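Chain and residue survey
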Amino acid sequence: MSILGFDILSVITFLPLLGILLIIGIHKEKHGVIKGITLLTALVNFIISLILYRDFNLTTHRFQFTTNVPWIRGYGINYHVGIDGISLFLILLTTFLTVISVIACWKDIKEKIKGFMICLLFLETGMIGVFVSLDLFLFYIFWEVVLIPMYLLIGVWGAPARRIYAAVKFFIYTMFGSLLMLVAILVIYFYNYSVTGMYTFDIEQLYQLSIPYGTQIWLFLAFALAFAIKVPMFPFHTWLPDAHTEAPTVGSVLLAAVLLKMGTYGFLRFNLPLFPEATLKFVPLISVLALIGIIYGAMVCIVQKDLKRLIAFSSVSHLGFVMLGIFALNIQGLEGGILQMLNHGFSTGALFLIVGMIYERRHTRMIEEFGGLSKVMPVYATIFMIVTLSSIGLPGLNGFVGEFLILLGTFKSNMVYAVFAALGVILAAVYMLWMFQRVMFGEVTKEENRKLKDLSLREIIVLLPLIFFIFQIGVYPKPFLSRMDASVRHLIAQVELKVGKKSAEEVRMVYVIDPDRVKQGK
Amino acid sequence: MKMMMPIVPPIVNLKSILPELVVVITALVVLLFDLALAKDKKTPLAILSLLGLAISLIFSIFMWREGVSAYAFNQLIVIDRFTLFFNALFIVASFITLLISINYLREEGINYGEYYTLVLLATVGMMLMAKANDLIMVFLGLETLSISIYVLVGFLRTNVKSNESSLKYFLLGAFSSAFLLYGIALVYGATGTTKLPDIARYIENTPHLLSNPLLLAAVGLLIVGFGFKVALVPFHMWTPDVYEGAPTSITAFMSVGVKAAAFSAFLRVFLSSFSALRADWTMILWILAVLTMTLGNVVAIIQENIKRMLAYSSIAHAGYILVAMTAGGSLATTSIIYYLMAYTLMNLGAFAVVILYGKKGEENILISDYAGAGFKYPFLSVAMTIFMFSLAGIPPLAGFVGKFYIFSAAVKQGFIWLTIIAVLNSLVAVYYYLRVTVIMYMSEPVKEVGHLPFSVSMIIALFITTFFTLHMGILPSSYLQLARESIAILM
């Protein structure tokens, strides 16, 4: 599949850069033109990315739409991109949310619009690049590149009080993890050379490698640290509340919806298949940390006074679920985890937008400043309610499917974990509903709140697509799950084959048996 | 016709130093021509110097392409791709230095012809240092270079700081030259020769020599001598003061040119002559690398003056290069070459911004003076951001690729802990480079900076440095190839 002679993945990755080039040439006072170009670029990119969805082959676990050309000769560094069932939806999520973000910030951002739009598009390139890279070197580049625009978004357009602190903390914290990962990448690279006599960063070839157990442990830890900081897992989550709270609305949306997924995606793409023995070894550790994240995150949410901070901490809890699902290491857990990554993108993305909208009107995010809004802003209240319920995991909405699959998978692998995780679901209901009640119901206590305007058409346009997916995944998740299927099965097989839990024959069987599974029961 | 005849030694010899010769002649012509020009009209001298450097660069490139490999002047000089590469690097460094000097000299009122002559002579010193095949020649090159730089550092004659730093650099420099010379004398005492290949041969063929205290002392003294010039901790004390006091253009020149020159000789002496003693000096370099990186980065954090910050950052960068030298091997040497290229361009770029933004009399030399520059001078600030991110080693810029290969080399040779210390150091470095961008983009302006003195030469310099910082980062293949071919002769 190619567009104008370029392969489709490269087009999707680098089209935003083209948009940037166009914007640079425009005078900074022409806000309308700048915003228009950004929207157009994002929209075109989203439409092109839909081709991936249409042409995606469900029956294979292999990477699709691949391109592989030498980049730095003599060092085995290639420009190798491709997607599978795990990355497909993350790319779609990215292109989709970029469009939403551009519309959402149409009126929010009042100064330095040119720079803002450039950062936004640059961020899109970085995020997509992370998900399409199949070469460790390339992956690392995109992984780091993402930091720069996000750092600027928080630091320049963030809330004035602590934006610089938050931006620098975000940058340094994330960089710390990734630098150690860089060393680990190099160790794998040279280990592979010592075994195969070939220099390569190509993960498809590195997957074939059997790394000695002792080395695996260290490498796993180095990679896991980088990803755990990004996820963020307890106890590496401390940058997140600051970054989220200070970032402009759109920054928070993309940070929560896409950037955090880079961490969980990293576990799926690298830790599991590259270090299977170490993965098994660390299942208890990661699971317990995930559980602590779920429960601790939820409990901290209960006491938050700031809406945005509450949602930020809820991310810690939700991402704990994702990690728990991934490290259940079975098909339900993994698919639930991946689906929950998307769900979190939609629900939490929507929540940040919703909070951003009320902040625009009232310039405060303190829960105590609100109350009784449902009478003043009925449309807003309805949408907020749907998203809140989706975040809690009400059956019929997206959150339920993801959490249910995760709990199912966890239950199969370790009952105790599942019991504790279920506790997290209850706590989620507590903090979300209580928050909703305080903000929306009761009497209108503050005078300023009486004359708040309900959502404008633009704001509804921003939120409706998200609501659509919240229902779509909740009612009929099959189009999503079926596309993950082959890749997830292969991933599990990769882990199990390498650790010798199953013979090659049995692993092959995985692809054959059990064709219609849990998802049919939904 | 005469060229074809076999016995015409002087001509053959002259060809071997053709690039240097061009620069020397240019320097002398500039000096002469200077007399004919009025005090404020020295721009022709700059153009003449640039022209001479360009010609010399072309000769170097042609000779590199040709793959000449020969000794000359009774084996005092070696000419091969390694030396020619360094020749080209020094010429580029001094070319860009002159580009960023022109307007600066005019503004500071130090627009004298001698400036150009001295920069050119310092360049010749660097070139000879890289071409040295004999410790004596290393010393001569070093002195030619150093004496010119001593004068240049004090070129702001009426400025106390400039005078102070000139004297400081001169005294400590003379002291370190003595160390180097002492080391050379001891090498001669131990091996009976000062020729680099002969030393190597002698050491290899004389097994007991490896534990010879005389030779070990010599190696130690040489490390001190070179360590001073490249500013390794604990021989770095002069760096921040001298860098701060010197005219900014000279600071830029020193931070890249002098450093690269000292490294070129350091590399050749240690990798070719003393490679048999590797086990002895690796440990020393390991410790020096860790000290240099850590002190440079940690102290850079608290600097308020951007020149001092860049001075400490340059110390840290010497530390990274030392990591690769400790590791050894062809990948390491390739990475050093690449790193020096990248460092030269990005650091000169950063200094170009410092000069431009500093304005007359360095009135905006504090990091806090950059507040609010980000959206006021968008292109300048984007360029500065690129240089800062590149110096911090963030992809996809030249500095990242350089660091990546240095770390690769260290991991390859099994120096995992050294690599981990190095990456943690680059994390510390991120903080202070980031701070510049924080101030530029995220702080409100505190004072009126007004119109910046953009000039054509400055814009050309900024364009060259920005372009290559990006290009070397995004498409590093050809540069790495260049580095590999340049060091093939040493391996």
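Residues numbered from 1 in each chain as written. Chains lettered and ligands numbered in written order. Predicted model: local features only at pLDDT ≥ 70, side-chain atom pairs only at ≥ 80, totals over all residues.

1. Some words on the overall build of chain B
For the record, the criterion: Each helix is a run of H or I in the DSSP string that is no shorter than four residues. Each strand is a run of E no shorter than two, and both are numbered from the N terminus. With the radius of gyration taken over C-alpha atoms, the globule rule is written as 2.2 Å times the number of residues to the power 0.38. Every C-beta atom is placed from the backbone, and the number of other C-beta atoms within 10 Å of a residue's own sets its class: buried at 20 or more, exposed at 12 or fewer, partly exposed in between.
Secondary structure summary: chain B contains 20 helices and 2 strands in total. Taking 23 Å as the expected radius of gyration for a compact globule of 491 residues, we find that chain B reaches 22 Å, a close match to that expectation. If you line up chain B on its principal axes, its C-alpha atoms span 70 × 55 × 45 Å. For chain B, the residues scored as buried account for 61% of the 491 residues in total.

2. A short note on the overall build of chain A
Our working rule: We call two residues in contact when their backbone-placed C-beta atoms lie within 7 Å.
Each helix and strand counted, chain A has 22 helices and 4 strands in total. Relative to its length of 522 residues, chain A is compact, with a C-alpha radius of gyration of 22 Å against a globular reference of 24 Å. Its C-alpha atoms give chain A principal-axis dimensions of about 70 × 55 × 40 Å. Counting over 522 residues, chain A shows a buried share of 59%. Within chain A, contacts between residues separated by at least 24 positions form 79% of all contacts whose residues are at least 6 apart in sequence.

3. A word on helix α11 (residues 248-273) of chain B
All names here are of chain B. Heads up, the condition is: Each helix should span, by expectation, one fewer than its residue count multiplied by 1.5 Å. Bend at a given residue is defined as the angle between two axes, one fitted to the seven residues that end at that position and one fitted to the seven that begin there.
Under the 1.5 Å per step criterion, the end-to-end length of α11 is 36 Å for 26 residues, consistent within 8% with the ideal 38 Å. At Met254, α11 shows its maximal kink, close to 35°. α11 sits mainly inside the fold: 25 of its 26 residues count as buried.

4. Focus on the domain arrangement of chain A
Residue and element names in this part refer to chain A. We count it as follows: Note that the domain bounds were set by an automatic or database domain assignment. Basically, the charged four are Asp, Glu, Lys and Arg, the nonpolar ten are Ala, Val, Leu, Ile, Met, Phe, Trp, Tyr, Cys and Pro, and anything else, Gly included, counts as polar.
You can read the domains of chain A as domain 1 (1-229) and domain 2 (275-522). Between the C-alpha centres of domain 1 and domain 2 the distance comes to 23 Å. Elements represented by at least two residues in the side of domain 1 that touches domain 2 include exactly α3 (85-104) and α9 (213-230). With 9 residues, α3 is the single largest residue contributor to the side of domain 1 that touches domain 2. Looking at the side of domain 1 that touches domain 2 residue by residue, the class counts come to 17 nonpolar, 6 polar and 2 charged.

5. Here we look at the packing of α3 of chain A against helix α20 (residues 478-499) of chain A
Residues and elements named next belong to chain A. Quick note on the threshold: Fitted lines through C-alpha atoms serve as axes, helices being fitted only where they are in contact, and the angles separating the N-to-C directions of these axes extend from 0 to 180 degrees. With respect to orientation, any angle under 35 degrees is reported as roughly parallel, any angle over 145 as roughly antiparallel, any angle of 65 to 115 as roughly perpendicular, and every other angle as oblique.
Between α3 and α20, whose axes approach to 7 Å, the crossing angle comes to 140°. As summarised for this structure, α3 and α20 are arranged oblique, according to the angle between their axes. Mapping the contact onto sequence places Gly85, Ile86, Leu88 and Phe89 in α3 and Phe480, Arg483, Met484, Asp485, Ala486, Ser487 and Val488 in α20. In terms of residue class, the contact of α3 with α20 is built from 7 nonpolar, 2 polar and 2 charged.

6. Side note on the interface of chain B and chain A
Opposite the 23 residues of chain B that make contact, chain A presents 27 residues. Among the elements of the structure, α17 (398-412), α18 (416-442) and α20 (477-487) of chain B are those that each provide at least two residues to the side of chain B that touches chain A. When residues in the side of chain B that touches chain A are grouped by element, the largest group, 11 residues, is from α18 of chain B.

7. Looking at the packing of helix α2 (residues 31-55) of chain A against helix α4 (residues 113-132) of chain A
All names here are of chain A. At a minimum axis separation of 10 Å, α2 and α4 run at an interaxial angle of 10°. Judged on the interaxial angle alone, α4 and α2 are roughly parallel. When α2 is examined against α4, the residues His31, Ile34, Lys35, Thr38 and Thr41 are found in contact with a partner set consisting of Ile113, Lys114, Met117, Leu120 and Leu121.

8. What about helix α5 (residues 136-145) of chain A?
Residues and elements named next belong to chain A. Across the 10 residues that make up α5, a large majority, 10, are buried. Among the residues making up α5, those that are buried are Leu136, Phe137, Leu138, Phe139, Tyr140, Ile141, Phe142, Trp143, Glu144 and Val145. Where the residues of α5 are buried, they touch β4 (77-83), α4, α6 (147-157), α7 (163-196), α8 (203-206) and α11 (249-274).

9. Re the environment of Val376 of chain A
All names here are of chain A. One can find Val376 in helix α15 (residues 373-376). With 17 C-beta atoms counted inside 10 Å, the residue Val376 sits in the partly exposed group. With 115 residues separating them along the chain, Val376 and Lys261 place their C-alpha atoms 36 Å apart. If we skip the residues at most four places from it in the chain, Val376 touches Val444, Asn449, Arg450 and Leu452.

10. Description of the environment of Ser478 of chain B
Examined against the element boundaries, Ser478 of chain B turns out to sit in helix α20. Once the C-alpha coordinates of Ser478 of chain B and Gly173 of chain B are considered, the two residues, 305 residues apart in sequence, prove to be 37 Å apart.

11. Some remarks on the pairing of β4 of chain A
All names here are of chain A. Convention followed: We call two strands paired when DSSP finds no fewer than two bridges between them.
In terms of burial, β4 is largely enclosed, as 6 of its 7 residues are buried. Pairing of strand β3 (residues 64-72) with β4 involves 6 bridges; the strand directions are antiparallel. Within β4, the position partnered with Val69 by the bridge is Tyr79.

12. Remarks on unusual backbone geometry
Of note, the bond from Val231 of chain A into Pro232 of chain A is cis; its omega dihedral lies within 30 degrees of zero at -10°. Looking at the secondary structure, you find Pro232 of chain A in the loop between α9 and α10 (239-246). Of note, the bond from Pro395 of chain B into Pro396 of chain B is cis; its omega dihedral lies within 30 degrees of zero at 0°. In this structure, Pro396 of chain B sits in the loop between α16 (378-392) and α17. Positive phi, close to 55°, is recorded for Leu329 of chain A, a residue that is not glycine.

13. Points about the confidence of the model for chain A
Definition in use: Confidence scores here are pLDDT values: one per residue, from the predictor, ranging 0 to 100.
The pLDDT averaged across chain A works out to 87; a share of 95% of its residues lies at or above 70. Below pLDDT 50 for its whole length, residues 507-522 of chain A participates in 15 contacts with residues either more than four positions away or in separate chains.

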